[in-house]
Amino acid sequence: INISSSDQKLVSNVKAVVSSYNSLRGKIDEVTYFDEQSQATGILFGSSEVLRIESALSSLATRPFYGVGSIRSLEEIGVSAKDDGTLVFTESKLKEKFQDDPAAVEQFFTTATLGFADKFKATVDMLAGEGNSLLVSRSDALQDKIDANNERVEFLEQRLETERERLMLHFYTMEMAISKIQS
């Protein structure tokens, strides 16, 4: 009987993370663009929330990890950042690391609170998790603003209706006065 570890699932999962990260970067670029010639901007251009998301994800992808064994960065296992902020995955580097020391690769990903998996989950929860995350807080703030604006619209509509009724009464009174003068 021969038992061996396989890197196929690991490689597949790392590819999926890199692909998802790059897809998110692409979406961010779509909604935050700035065209210098036409002065056109994306709908979220200048959004502090988007900047925080970019910063948090870039930091996660490029920072060193401590307390997780001999592997201290994604770059050591073949995931590196390009100049445009996207990630590139060198599969052979991960396979080589896994072949040389599968326990170190496992430790890098799975060390409680300090490993990549827990750091990734914590970052995603901070940005978009339930409760008091960045996007939930922003959504709540926008909803509060919408509600306040709706209340203001209702108030102004009532005020306009009151003013319309007053003017109609004034018009009717003037019409009656003109009618009396003419008769």
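Basis of the calculations
- Residues numbered from 1 in each chain as written.
- Predicted model: local features only at pLDDT ≥ 70, side-chain atom pairs only at ≥ 80, totals over all residues.
- Heavy atoms only, no water.
- Axes fitted to C-alpha atoms, helices over the stretch in contact; angles between N-to-C directions.
- Helix = DSSP H or I, 4+ residues; strand = E, 2+ residues; numbered from the N terminus.
- Parallel < 35°, antiparallel > 145°, perpendicular 65-115°, else oblique.
- Contact = heavy atoms within 4.5 Å.
- Nonpolar A, V, L, I, M, F, W, Y, C, P; charged D, E, K, R; others polar.
- Phe/Tyr/Trp six-rings, centres within 6.5 Å; stacked < 30°, edge-to-face > 60°.
- Lys NZ or Arg CZ within 6 Å of the ring centre and 35° of its normal.
- 1 Å grid on protein atoms, 1.4 Å probe; cavity = no way out; pocket = protein on both sides within 12 Å on 5 of 7 lines; lining within 4 Å.
- Points joined across faces, edges and corners; volume = space filled by probe spheres on them.
- Core = buried A, V, L, I, M, F, W, Y, C linked by side-chain atoms within 4.5 Å.
- Buried < 20%, exposed > 50% of the residue type's maximum accessible area, 1.4 Å probe, protein only.
- Polar contact = N/O pair within 3.5 Å; in protein donor to acceptor, adjacent residues only side chain to side chain.

Asks: Pulling in residues and values, what's your account of the packing of helix α2 (residues 48–62) against helix α5 (residues 116–128)?
Replies: The N-to-C vectors of α2 and α5 enclose an angle of 180°; their axes lie 11 Å apart at closest approach. Between α2 and α5, the angle falls in the class roughly antiparallel. In contact with R52, I53, A56, L57 and L60 of α2, α5 contributes F116, K119, F120, T123, M126 and L127. When grouped by side-chain class, the residues that make up the contact of α2 with α5 number eight nonpolar, one polar and two charged.

Asks: So what's going on with the packing of aromatic side chains? Which residues, and what values?
Replies: Going through the model one piece at a time under the given rule, you end up with seven aromatic pairs. A connected cluster of aromatic rings, assembled from ring pairs, spans F65, F108, F109, F116 and F120. When the ring centre of F65 is taken as reference, the NZ or CZ atom of R63 above it lies at 5.4 Å.

Asks: Residues and numbers for the layout of surface pockets, please.
Replies: Within this model, the largest pocket holds a volume of roughly 290 Å³. Contributing to the lining of the largest pocket are 16 residues, with S20, L24, I53, L57 and V124 lying nearest its centre. Of all the secondary structure elements, the ones that give two or more residues to the lining of the largest pocket are α1 (8–31), α2 and α5. Considering each element in turn, the lining of the largest pocket owes the most residues, seven residues, to α1. A volume near 230 Å³ is recorded for the second largest pocket. Along its surface, the second largest pocket is lined by 15 residues, and N13, V14, V17, F109 and F116 are the ones closest to its centre. When contributions to the lining of the second largest pocket are tallied by element, the ones reaching two or more residues are α1, α2 and α5. Among the elements that make up the lining of the second largest pocket, the one with the highest residue count is α1 (six residues). Taken together, the residues of the lining of the second largest pocket break down into 14 nonpolar, one polar and no charged.

Asks: Requested: an account of the nonpolar core, with residues and values cited.
Replies: Counting residues in each nonpolar core, the largest one holds 29 residues, and the members touching the most others are V14, L94, F108 and F109. When contributions to this core are tallied by element, the ones reaching two or more residues are α1, α2, β4 (87–89), α3 (91–100), α4 (102–110) and α5. The contacts of F108, once residues within four sequence positions are left out, are F65, V68, I71, R72, S73, L74, I77, G115 and F116.

Asks: Give a description of the environment of T32 that names residues and reports values.
Replies: Here T32 is to be found in the loop between α1 and β1 (34–35). Spatially, the C-alpha atoms of T32 and N22 are 15 Å apart, while their sequence positions differ by 10 residues. Residues within four places of T32 in sequence aside, it is in contact with G42, L44, F45 and V50. Polar side-chain contacts of T32 include one of 2.6 Å to the backbone oxygen of I28.

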